[in-house]
Amino acid sequence: QNATQVYDYAIAGAGTAGLLLAIVLTEDPSINVAILEAGSDGRTNPNITIPELRGEIIDTEYDWAYYSTVQPGLYENRSQPVNRGKTIGGTSAMNWMIHNEDSRIQLDIWESLLNLTGWNWETLSTAFRESEMFFAPPVNASSAEQPDLANHGSSGYICSTLQRSVLSLLSDYVTPALLNAGYAVPGDRNGGNVTGAGFLPLAICPGNYTRSYAGSAYTAVQDRKNLHLYTNAQVTNISWASTTSGNVTARGLNFVDTSGRTSNTSLSIHADEIILSAGIAGSAPILERSGIGSPDILMPLNITPVVNLSSVGTGLRDPLMMQYQPLQYNFSVEFTGGEYAQNYIDLRPAQDVLSPFDYNAASVWLNTTASVPGLEDAQFQVFKHLWFTRQPLIEMAWQYSSTQSMPYTLIPLSQGSVHINSSDPLAAPVIDPNYNSVTATIGNETVPWDLWLLSRASQFYVTELASSPPFSEVLTKTDPDHNLPPTEYQQAVFERSGTSQHLTGGLPMLPRSAGGAVDANMLVYGTQNVRVVDGSIFPYQPSAHPMGLTYAVAVHAAKILQQIKGSMGTYTEDPQRSNSSSNATAVFPAVQPTVTYDVRGSAVPASSAAVFTGGAGRLVTGKERWIMWAVVAILGWF
Ligand SMILES: Cc1cc2nc3c(=O)[nH]c(=O)nc-3n(C[C@H](O)[C@H](O)[C@H](O)COP(=O)(O)OP(=O)(O)OC[C@H]3O[C@@H](n4cnc5c(N)ncnc54)[C@H](O)[C@@H]3O)c2cc1C
């Protein structure tokens, strides 16, 4: 590094989002980007490049190998592993590689319900396509789900294709059973309609069948003179040019050389704009170590607060997953290709995966509850909106080993936090996803919401499959037994559930008044030039595996930055974008949405009773509640 150089952008973390962001920004040769990665370069390691070896870098030097705090909401208070990639490409170097599956409605909500101007399905799906280089499926691919090339990119940095192996169990038994049970198998999910079962594209380059990820994208452009990637460079904090309130301006990033090449003396780099892309376990801690966060957390660690922003480190969540659900069959499962076959997923709205009784009882609880602890009201409203508009809230992930279908709640209501608790800049953060912390009253019972939904949905799903031919003809055993009484089944689910490794949040992109840490320009509130671009900023958990959306966020963020800087980007979405939100005025409206819904998701006139009333929803009286319950119960049977 040239000690006097001031880069246009300095990025902390060369992971999924940060590295793709750097690559897109440096398409303009006049833009200089430095990107600092705490991990080393694993790009030639077969455990990273060969798709079938996925997971092999867990607990190696390429993994932060963090653990959550003890979790009172899980069986035996189990702490959960929090695996995150620590290498070029970040967690995209270790993940399970499912590409994209975001629904149109739920991304449109970013703009319409959450006031995130310019963030909607159109802009994010465009950004996703621009990240993608899609290869048409091989001859053996499932015929049930044919890709529509119009929904895919052809010149992006991340290859995608359908897998070359197809598990006969899925194509010959599960899909026909679901069709027999009356469920549509969606077409190409990249069009925004994601509900249903089928195969998804994987992030694989079909030519040599290697993993395609942010690291391989970097390999293709690593000779760019304006892109400077430093490995073994662990960012500790932001250095400030000004900490005057209203003009808090960063000068650069301080980092430690962890390679041993130097003696860990603190180094620094300077830039006009600072971007944190250190992921859910890295970005919020860097902000806190820089004096941005809650004084209650900073002052005991002798960190002088620079911006009082208590939303830093909040809104972290991990969809609760049942990690083990073996099914047994009386035929031997065959692979046509002999390898990896896990990208078969079934996404279901609550209406399709709960009994009418359960669905109605849960709808009553949602309709009569204005807020829950640990969740911003804006996020709760989004959940209600998705619930009543039939968006997918439960996923069944069919495992490559073929003996399991692993269900999980796509959008947990329980949220926790990620914070520092040590003045040692290299210490691990305290990660608390706070599983099963939201309780709900369903009928006469008080239950942990996420566990209840997971258990009821799983039992319903397996019961349905067990009675739908041709799957029912080969299924010999379900474990837990789907015929168990619901409370016993729930106990079995409880004993098997934990992380899905799909953590997002920690620095929510929301209006400041709605608990946000960054605005729609990714700018940290109260600062002039510090932004966050990674999975931390998702305003709520998407109903999807997060990697595809993380790439889309990176590309969309690059366009916003290009427009702010006035460089080569052609982004014209919102010409009014400003470079600062220090005096952000974005406010989440007190009453949202204006539309109300009946239990089947149909909009009803605002004057109707017994419906979702939005954030300002009042609690109903006992009598009203009984009438409401009767109404939804009756409606639900039609
Ligand atoms: C085991 C596993 C399986 C998964 N499977 C899937 C899947 O099948 N499909 C899917 O869609 N998603 C999957 N995910 C989730 C998905 O991979 C992540 O959500 C996504 O990659 C996160 O991207 P990110 O940019 O936010 O962070 P990351 O990709 O984690 O990038 C953060 C980067 O910052 C670096 N960093 C951290 N702190 C510092 C610091 N102080 N200084 C410098 N650098 C730092 C890290 O080393 C890392 O390289 C999986 C995750 C895991 C752990």
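Please read these numbers as outputs of a predicted model, since none were measured by experiment. Sequence order as written defines residue numbering, which begins from 1 separately in each chain. Only residues with pLDDT of 70 or above have their local features reported here, since the model is predicted, and side-chain atom pairs are shown and tallied only from 80 upward, although totals for entire chains, interfaces and linings are computed over all residues.

Colleague: Tell me about the overall build of the protein, residues and numbers included.
Modeller: Numbering of helices and strands starts at the N terminus; helices are DSSP runs of H or I of at least 4 residues and strands are runs of E of at least 2. Helix and strand content of the protein: 15 helices and 31 strands. Our contact criterion uses C-beta atoms placed from the backbone: two residues qualify when those atoms are within 7 Å. A separation of at least 24 residues holds for 72% of the contacts in the protein among residues at least 6 apart in sequence.

Colleague: Give me the lowdown on the site of the ligand, citing residues and values where you can.
Modeller: Nearness rests on one distance test: the residue's C-beta atom, set from the backbone, must lie within 6 Å of the molecule or strand. Neighbouring the ligand are 39 residues, the closest being Gly-13, Gly-15, Gly-90, Trp-96 and Gly-282. Listed by contribution, the elements that provide at least two residues to the shell around the ligand are α1 (16-25), β11 (233-242) and α14 (546-565). For this scheme, ten residues count as nonpolar: Ala, Val, Leu, Ile, Met, Phe, Trp, Tyr, Cys and Pro. Four count as charged, namely Asp, Glu, Lys and Arg, and the remainder, Gly too, count as polar. Of the residues contributing to the shell around the ligand, the split by class is 14 nonpolar, 21 polar and four charged.

Colleague: How would you sum up the nonpolar core? Please name residues and give values.
Modeller: For the purposes of this analysis, a nonpolar core is taken to be any set of buried Ala, Val, Leu, Ile, Met, Phe, Trp, Tyr and Cys residues that are connected through C-beta atoms within 7 Å. Put plainly, a residue is buried at 20 or more neighbouring C-beta atoms within 10 Å of its own, exposed at 12 or fewer, and partly exposed in between, counting only other residues' C-beta atoms, which are placed from the backbone. The biggest cluster of nonpolar side chains holds 167 residues, and the ones touching the most others in it are Leu-20, Leu-21, Val-33, Val-518 and Ala-554. Ranked by the residues each element gives to this core, the list is headed by α14, at eleven residues.

Colleague: Can you break down helix α13 (residues 486-496) residue by residue, with the values?
Modeller: Among the residues of α13, Tyr-489, Gln-490 and Val-493 are the ones counted as buried. Seen end-on, α13 carries its buried residues on one side only, within an arc spanning 100°. With respect to the buried face of α13, the exposed residues turned more than 90 degrees away are Thr-487 and Glu-488. Working definition: the arc comes from the directions between the helix axis and the C-beta atoms, pointing outward to the latter.

Colleague: Help me get a handle on the UniProt feature "active site" (unreviewed entry) in the protein, residues and values and all.
Modeller: UniProt positions are given in the numbering used here, feature names are shortened, and annotations may be inferred rather than shown by experiment. Here the UniProt-annotated "active site" (unreviewed entry) positions come out as His-502 and His-545. Sequence-wise these annotated residues cover 44 residues; spatially they are packed, their C-alpha atoms never more than 6.8 Å apart. Locating His-502 in the fold gives a position in the loop between β27 (497-498) and β28 (504-506). When the 23 C-beta atoms within 10 Å are taken as the criterion, His-502 is described as buried. If we skip the residues at most four places from it in the chain, His-502 touches Asp-318, Pro-319, His-545 and Pro-546. Relative to the helices and strands, His-545 is located in the loop between β29 (530-532) and α14. The residues touching His-545, leaving out its near neighbours within four places in the chain, are Ile-98, Glu-101 and His-502.

Colleague: I'd like to hear about the environment of Ser-68, residue by residue, with values.
Modeller: Its place among the elements puts Ser-68 in the loop between β3 (66-67) and β4 (81-82). The exposure class assigned to Ser-68 is buried, which follows from the 24 C-beta atoms found within 10 Å. Taking the C-alpha atoms as reference points, Ser-68 and Ile-431, separated by 363 residues in sequence, lie 4.8 Å from one another. In this structure Ser-68 touches Ser-79, Gln-80, Val-82, Ile-431, Asp-432 and Pro-433, once residues within four positions along its chain are discounted.

Colleague: Can you lay out the sheet that holds strand β16 (residues 314-317) for me, pointing to particular residues and giving the numbers?
Modeller: Pairing between the strands of a sheet comes from backbone hydrogen bonds, and it takes one of two forms, parallel or antiparallel. Sheet architecture is open: four strands sit in the order β23-β22-β16-β28, paired in antiparallel fashion. Each edge of the open sheet is held by one strand with a lone partner, namely β23 (430-432) and β28. Each strand axis lies, on average, 35° off the axis of its neighbour in the sheet, ignoring direction. For two strands to count as paired, DSSP must find a minimum of two bridges between them. Geometry is summarised by axes, namely lines fitted to C-alpha atoms with helices restricted to the contacting stretch, and by angles between N-to-C directions that run from 0 to 180 degrees.

Colleague: Pulling in residues and values, what's your account of the confidence of the model for the protein?
Modeller: Here the protein averages 84 in pLDDT, while 83% of its residues score no lower than 70. Residue-level confidence of the predictor is summarised by pLDDT, bounded by 0 at the bottom and 100 at the top. Long-range and interchain partners of residues 569-638, a stretch whose pLDDT sits below 50, account for 112 contacts in this model, where long-range means more than four residues apart. Overall fold confidence for the complex sits at a pTM of 0.89, while the interface term, ipTM, reaches 0.99.

Colleague: Account for unusual backbone geometry, naming residues and giving values.
Modeller: Note the cis peptide between Pro-469 and Pro-470, where omega equals 5°. By the secondary structure assignment, Pro-470 is in the loop between α11 (449-466) and α12 (471-474). Cis peptide bonds are those with omega within 30 degrees of zero, and the linkage from Asp-479 to Pro-480 qualifies with 10°. Here Pro-480 lies in the loop between β26 (475-478) and α13. For Asn-434, which is not glycine, the phi dihedral falls at a positive 60°.

Colleague: Describe the packing of α1 against α14, and please don't skip the residues or the numbers.
Modeller: For the pair α1 and α14, interaxial distance at closest approach is 8 Å and the crossing angle is 35°. Remark: the crossing between α1 and α14 carries right-handed chirality. Within the contact between the two elements, α1 uses Thr-16, Ala-17, Leu-20, Leu-21, Val-24 and Leu-25 and α14 uses Met-547, Thr-550, Tyr-551, Val-553, Ala-554, Val-555, Ala-557, Ala-558 and Leu-561. Each residue belonging to the contact of α1 with α14 can be placed in one class, and the counts come to 13 nonpolar, two polar and no charged. Crossing chirality is assigned from the near helix's rotation relative to the far helix, an anticlockwise turn below a right angle marking it left-handed and a clockwise turn marking it right-handed.

Colleague: For the pairing of strand β12 (residues 249-257), give the residues involved together with the corresponding values.
Modeller: Where β11 and β12 come together, eight bridges link them in antiparallel fashion. Residue pairing in the sheet places Ser-239 in a bridge with Gly-252 of β12. Pairing analysis gives five bridges linking β12 to strand β13 (residues 266-276), with the strands arranged antiparallel. In the sheet register, Phe-255 faces β13, and the bridge partner there is Leu-267.

Colleague: I'd like to hear about the environment of Pro-186, residue by residue, with values.
Modeller: One can find Pro-186 in the loop between α5 (168-180) and β7 (196-199). We classify Pro-186 as partly exposed; it has 17 C-beta atoms within 10 Å. Distance from Pro-186 to Ser-283, taken between C-alpha atoms, is 36 Å for residues 97 residues apart in sequence.

Colleague: Run through the packing of α11 against α13, naming residues and quoting values.
Modeller: Where α11 contacts α13, the two axes come as close as 9 Å, and the packing angle between them is 110°. With respect to each other, α11 and α13 are oriented roughly perpendicular. You can see that α11 and α13 cross each other, and the crossing is right-handed. On α13, the residues touching Leu-451, Trp-452, Leu-454, Ser-455, Arg-456, Ser-458 and Gln-459 of α11 are Pro-486, Tyr-489, Gln-490, Val-493 and Phe-494. Each angle is binned into one of four classes, with values under 35 degrees roughly parallel, values over 145 roughly antiparallel, values of 65 to 115 roughly perpendicular, and all other values oblique.

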